[in-house]
Amino acid sequence: MARKTGLQPWAVGVWLLAWQGASMALRLPILLPSPLAALGRLGELACTGPFWRAVAWSSVRILGGFLLACLAAVGLAILAFRRRWVRELLAPLTAAVKAVPVASFIVLALVWLESRWLSCFIAGLMVFPTVYLNVLEGIGQADPKLLEMARVFRVSPWRQAAGIYLPAVLPAFRAACSLGLGLCWKAGVAAEVIGLPQGSLGERLYTAKVYFETADLFAWTAVIVAVSMAFEALFLRGVDALAGKAGAL
């Protein structure tokens with residue numbers, strides 16, 4: 001059994017000490033503030049309304065793009081498994097999204113979309129290929145003997161989906177979501193930094209960079225990481241619960 005590779009407190013502590021040591025050696029807070037300075041600035045920001053509005057604004061759009069991409073990817077993966085021409089039609093699209101730099105998509109999307117919807121579109125676009133390909137592969141991993149037995153005993157398609165296909169797909173779907181959740185935040189915030197929609201996390205990062213507010217830059221980055229990790233933990237817990245129910249069928 002593979003060992004879990006979660007964050008360990010001692011490892012986090014080592015890197016925080018390294019950060020503190022580098023900050024003390026450099027003695028230039030404008031380039032590298034200490035962890036305590038960044039934490040203190042984060043506490044100050046968290047006491048303001050605009051802070052929470054920016055977190056909510058970006059979270060809704062980035063995570064909304066992720067969820068929409070998951071729905072589209074699962075639906076199209078099912079269709080592609082049943083129809084070869086759909087699989088062949090989507091192959092160039094998924095290859096292009098995987099190969100083209102995200103900055104190119106951001107610049108192109110700015111021509112068509114308002115900046116406030118840019119992060120939603122980019123986050124979903126970056127997540128789609130990963131979820132689609134993993135779900136498609138997971139469907140193909142369904143046990144053929146079980147499928148043959150289900151056909152012999154005339155098991156309904158819904159029960160086949162719940163009892164055979166779902167347990168085969170969920171591990172691949174979980175792995176794709178674990179990767180996609182981090183990717184959607186990176187791509188979504190990058191889109192906000194370029195598009196600069198008012199009141200977003202990306203705008204706050206850009207403003208901190210322009211005015212050399214390095215402590216703010218680290219504080220906003222910590223917020224992005226924390227929100228991303230929290231949603232990933234909640235979402236994957238839901239997927240694990242669904243997998244447990246599927247395994248009990």
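Residues numbered from 1 in each chain as written. Predicted model: local features only at pLDDT ≥ 70, side-chain atom pairs only at ≥ 80, totals over all residues. Heavy atoms only, no water.

A cluster of nonpolar side chains, contributed by Leu108, Val111, Trp112, Leu113, Trp117 and Phe121, occupies part of the molecular surface with about 650 Å² of accessible area. Among the elements of the structure, helix H5 (102-112) and helix H6 (115-140) are those that each provide at least two residues to the nonpolar patch. Looking at the nonpolar patch, the element that brings in the most residues is H5, giving three residues. Tracing the backbone shows Trp112 in helix H5. With a relative accessible area of 63%, Trp112 lands in the exposed category. (Patch = residues over 30% accessible without salt bridge, like charges linked within 9 Å, V, L, I, M, F, W, Y side chains within 5 Å. Areas by Shrake-Rupley, 256 points an atom, 1.4 Å probe, with all protein chains shown as cover. Salt bridge = Lys/Arg side-chain N within 4 Å of Asp/Glu carboxyl O. Helix = DSSP H or I, 4+ residues; strand = E, 2+ residues; numbered from the N terminus. Buried < 20%, exposed > 50% of the residue type's maximum accessible area, 1.4 Å probe, protein only.)

Okay, helix H1 (residues 9-26) next. With 18 residues, H1 should cover 26 Å at 1.5 Å per step; its first-to-last C-alpha distance of 26 Å lies within 8% of that length. Downstream of H1 by a residue or two, Arg27 has a phi angle that is positive, lying close to 60°. (Expected span 1.5 Å × (residues − 1).)

Considering soluble globular proteins, one finds that nonpolar side chains tend to be buried as a cluster. Counting residues in each nonpolar core, the largest one holds 41 residues, and the members touching the most others are Phe66, Val131, Tyr132, Phe173, Trp185 and Phe235. Elements with a minimum of two residues in this core: helix H3 (49-82), helix H4 (84-99), H6, helix H8 (157-195), helix H9 (201-210) and helix H10 (214-248). In terms of residue count, H3 provides more of this core than any other element does, 11 residues in total. Dropping the residues within four chain positions of it, Val131 is found in contact with Cys70, Ala73, Phe173 and Ala176. Of all hydrophobic cores here, the second largest spans 10 residues; its members include Phe105, Ile106, Leu118 and Ile122. (Core = buried A, V, L, I, M, F, W, Y, C linked by side-chain atoms within 4.5 Å. Contact = heavy atoms within 4.5 Å.)

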